[in-house]
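Structure at a glance
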Amino acid sequence: MEQADLQRLFDSKIEQEIRIEPKDWMPEAYRKNNLRQISQHAHSEIVGMLPEANWISRAPSLRRKVALLAKVQDEAGHGLYLYSAAETLGTSRDEMLEDLNSGKAKYSSIFNYPTLNWADIGAVGWLVDGAAITNQVALCRTSYGPYARAMVRVCKEESFHQRQGYEIMMSMAFGTPEQKQMAQDALNRWWWPALMMFGPNDSESPHSQQSLNWKIKRVSNDDLRQEFIDKSIPQVEYLGLTLPDPDLKWNEERGHYDFGPIDWEEFYRVISGNGPCNKDRLEARNKAHNDGAWVREAAMAFAEKRQTNVA
Amino acid sequence: MNSKNWPLFEVFIRSKNGLSHKHVGSLHAADPAMALENARDVYCRRNEGVSIWVVPSDHITASDPGDAEELYEPARDKIYRHPTFYTIPDEIGHM
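What follows is about the overall build of chain B. Helix and strand counts for chain B stand at two helices and three strands. Helices and strands appear in chain B in the N-to-C order β-β-α-β-α. Seen through its principal axes, chain B has C-alpha atoms that stretch 75 × 35 × 15 Å. Taken over 95 residues, chain B has a buried fraction of 24%. Counting contacts in chain B only where the partners sit at least 6 residues apart, residues at least 24 apart contribute 43% of the total. Summing over all exposed atoms, chain B offers an accessible surface of approximately 7100 Å²; the carbon and sulfur share of this is 55%. Averaged over its 10 positive side-chain charges, chain B has a centre that lies 9 Å from the centre of its 14 negative ones.

A few words now on the packing of helix α3 (residues 62-87) of chain A against helix α4 (residues 93-101) of chain A. Residue and element names in this part refer to chain A. Closest axis-to-axis distance for the α3/α4 pair is 9 Å, and the angle between their directions is 115°. As for the relative orientation of α3 and α4, their crossing is right-handed in sense. On α4, the residues that touch L80, Y83, A86 and E87 of α3 are R93, M96, L97 and L100. Residues belonging to the contact of α3 with α4 are distributed by class as follows: six nonpolar, no polar and two charged.

On to a nonpolar patch on the surface. A cluster of nonpolar residues, I79, Y80, F85 and Y86 of chain B, forms a patch on the protein surface that exposes about 430 Å² of accessible area. With respect to the element layout, I79 of chain B can be found in the segment after α2 (68-76).

The next subject is the nonpolar core. Most often, soluble globular proteins have nonpolar side chains that are buried together. The biggest cluster of nonpolar side chains holds 93 residues, and the ones touching the most others in it are Y30, W190 and W191 of chain A together with L27 of chain B. No other element matches helix α5 (residues 118-139) of chain A, which puts eleven residues into this core. Setting aside its immediate chain neighbours within four residues, L27 of chain B contacts L80 of chain A together with P7, L8, F9, V11, A35, N38, A39 and Y43 of chain B.

Residues and elements named next belong to chain B. Following the criterion strictly, the structure yields 16 aromatic pairs over all chains and no others. Both rings, one in Y80 and one in F85, keep their centres 6.3 Å apart while their planes meet at 70°; by these two values the pair is edge-to-face. Residue Y80 is classed as partly exposed on the basis of its relative accessible area, which comes to 42%. A relative accessible area of 42% places F85 in the partly exposed class.

To continue, consider the side chain of N117 of chain A. Residue and element names in this part refer to chain A. Among the structural elements, N117 can be located in the loop between α4 and α5. Polar side-chain contacts of N117 include one of 2.9 Å to the backbone nitrogen of A119. The contacts of N117, once residues within four sequence positions are left out, are W55, M182, D185 and R189.

Residue and element names in this part refer to chain B. Taken in spatial order, the three strands line up as β2-β1-β3 in an open sheet, and their pairing is antiparallel. The strands lining the two open edges of the sheet, one partner per strand, are β2 (22-28) and β3 (51-56). Taking each pair of neighbouring strands and ignoring which way they run, the sheet shows an average axis angle of 30°. Examined bridge by bridge, strand β1 (residues 8-14) and β2 share six bridges and lie antiparallel to one another. Bridging from a neighbouring strand, F9 pairs with L27 of β2. Docked against the sheet, helix α1 (residues 32-43) engages β1, β2 and β3, running at close to 115° with respect to β2.

Turning our eyes to something else, we now look at the interface of chain B and chain A. Taken together, the contact pairs 25 residues of chain B with 25 residues of chain A. Run the count over chain B and chain A and you get nine residue pairs in polar contact (both at pLDDT 80 or more). Broken down by secondary-structure element, the contributors of at least two residues to the side of chain B that touches chain A are β2 and α1 of chain B. Per-element tally for the side of chain B that touches chain A: the top contributor is α1 of chain B, with five residues. Considering only residue class, the side of chain B that touches chain A consists of 13 nonpolar, five polar and seven charged.

Right, let's get into empty space enclosed by the protein. The probe, sized like a water molecule, is rolled over the atoms to show the empty space still left. Residues and elements named next belong to chain A. With the rule as written, the count across this model stands at one cavity of 30 Å³ or more. Here the largest cavity defines a volume of roughly 30 Å³. Broken down by secondary-structure element, the contributors of at least two residues to the lining of the largest cavity are α2 (28-53) and α5. For the lining of the largest cavity, the leading source of residues is α2, giving three residues. When its residues are assigned to classes, the lining of the largest cavity shows six nonpolar, one polar and one charged.

Looking now at a negative patch on the surface. A contiguous patch of negative charge on the surface is contributed by D64, D67, E69 and E70 of chain B. Looking at where D67 of chain B falls in the secondary structure, it is placed in the loop between β3 and α2.

Here the focus is the environment of P261 of chain A. Residues and elements named next belong to chain A. Mapped onto the elements of the fold, P261 is located in the loop between β2 (256-258) and α10 (264-274). Remark: the alpha-carbon pair of P261 and L100, spanning 161 residues in sequence, is separated by 31 Å. Excluding residues within four positions of it along the chain, P261 makes contact with W192 and D247.

Right, let's talk about the side chain of T134 of chain A for a bit. All names here are of chain A. Among the structural elements, T134 can be located in helix α5. By relative accessible area, T134 is classed as buried at 3%. Side-chain polar atoms of T134 contact the side chain of K231, separated by 3.1 Å. Filtering out sequence-adjacent residues up to four positions away, T134 remains in contact with F198, L224, E227, F228 and K231.

Cut-offs used in this document
Position numbers for residues start from 1 in each chain and track the written sequence from start to end. Key to labels: chains lettered from A, ligands numbered from 1, both in the order written. In view of the model being predicted, local features appear only for residues whose pLDDT reaches at least 70, and side-chain atom pairs are presented and counted only at 80 or more, with totals across whole chains, interfaces and linings using the full set of residues. Excluding hydrogens and water, the side-chain figures rest on all heavy atoms present in the structure. Strands here mean DSSP runs of E at least two residues long; helices mean DSSP runs of H or I at least four residues long; both are numbered from the N terminus. Each residue is assigned to one of three classes by its accessible area relative to the maximum for its type, calculated with a 1.4 Å probe on protein chains only: buried under 20%, partly exposed between the two thresholds, exposed over 50%. The contact definition used throughout considers only heavy atoms, calling two residues in contact when any of these lie within 4.5 Å. In short, Shrake-Rupley with a 1.4 Å probe defines the accessible areas, and a residue's cover is counted only from the protein chains shown. Under the counting rule used here, the positive set is Lys and Arg, the negative set is Asp and Glu, and His together with the chain ends is not counted. Where a charge sits is defined by one atom per residue type, namely NZ (Lys), CZ (Arg), CG (Asp) or CD (Glu). Helix axes are fitted to C-alpha atoms over the stretch in contact, other axes to C-alpha atoms as well, and angles between N-to-C directions run from 0 to 180 degrees. The crossing is said to be left-handed when, going from far helix to near helix, the turn is anticlockwise and less than a right angle, and right-handed when the turn is clockwise. Throughout this entry, Asp, Glu, Lys and Arg are counted as charged residues, while Ala, Val, Leu, Ile, Met, Phe, Trp, Tyr, Cys and Pro are counted as nonpolar. The remaining residues, Gly among them, count as polar. A residue counts toward a patch only above 30% relative accessible area and without a salt bridge, and it is joined to like-charged neighbours within 9 Å or, for Val, Leu, Ile, Met, Phe, Trp and Tyr, to nonpolar neighbours within 5 Å. For this analysis, a salt bridge means a side-chain nitrogen from Lys or Arg found within 4 Å of a carboxyl oxygen belonging to Asp or Glu. Nonpolar cores are built from buried Ala, Val, Leu, Ile, Met, Phe, Trp, Tyr and Cys residues. Side-chain atoms within 4.5 Å join them into one set. Note on aromatic contacts: the rings of Phe and Tyr and the six-membered ring of Trp form a pair at centre separations within 6.5 Å, being stacked when their planes are under 30 degrees apart, edge-to-face when over 60 apart, and tilted otherwise. Throughout this description, a polar contact denotes any pair of N or O atoms lying within 3.5 Å of each other; where both atoms belong to protein, one of them has to be capable of donating a hydrogen while the other can accept it, and for residues adjacent in sequence the pair is counted only when both atoms sit in side chains. Between any two strands, at least two bridges found by DSSP are needed for them to pair. Buriedness for pockets is judged along seven lines, at least five of which must meet protein on both sides within 12 Å for an open set on the 1 Å grid over protein atoms alone, while cavities are sets there where a 1.4 Å probe fits but cannot get out, and lining residues have an atom within 4 Å of a point. Grid points are joined across faces, edges and corners, and a volume is the space filled by probe spheres set on the points.

The structure is reproduced here in structure tokens:
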């Protein structure tokens, strides 16, 4: 088929909501755009384990410990689903991991903030996973088949992540005054970074329109952010906590909450490597990768030896 | 140092007896035994299955989307292969 015909076929599939599959022809820019988004998403799952892993051995009860352990294990699995989806676009997992470990690849800037105490684990599950779910539910209809399928699995598994976080927040918000204060402090610190997870404003996001046209993204950054804010406010009110935003108020005309300005300077500072934990996260990633090298090699050597013995 | 990548396996899960195995995704493993163990850990954490198949990805031969026309087009106009092509009077009932 001629290039122009291939392009027409591709465009008509996008138009008709027919998913693009790995062996289908696709424009190079579509492939690259998907690869960047999916691999960044995968990296975020992997780095996302680090702020929480520290608290597994410090969980206040066995119930909290098994939940957190299961959540972190899920995130490793979600990273794997996403790396697999990205691999169908013609890259290898090793290359992607190398880009992550060398600092070349980006991951969600939220994971460069520290989890200072147990209330943070509640806030992370509730707000960070809540924001991620808002984004991922929309991505279940993304145009690239393997990515959409990975998102369906992830969403199905992730709903418990947010619920266990909210349960932690409830225990603390309804606990002693000191516990309630810890919950409020965690909410104060995580609220704005959680809103930044949806990315820059639509007007500042040059690739967004192309991604929306290709249906890689289905809903714009600002619309997803608004949806998340509207959903979260009754949850905050139930806890009897307050949001660190004096401009927050219901706008009858818009049918949405208005909110104050986001500190985009902070966002760009953290994403470009100067957040509170960027260095720690990369060091921990590299250490885990390097310390595990002998295991990967030994497993491969063992498999090869066994194969030789059979042959 | 041996820096060879672990090969890729495709994973198929039977969700319950009576249903066929269905493709659920893929993973890397050093050998088939490890692929099975990893598939159990990654794809069966919530009672998703009662049986797992793993197949080295490079053992799968796939059709080319570019051949879609010659592969599937011939079936499209053979509507006489479908039951609704034949008219049976109402008084006969379900057939």
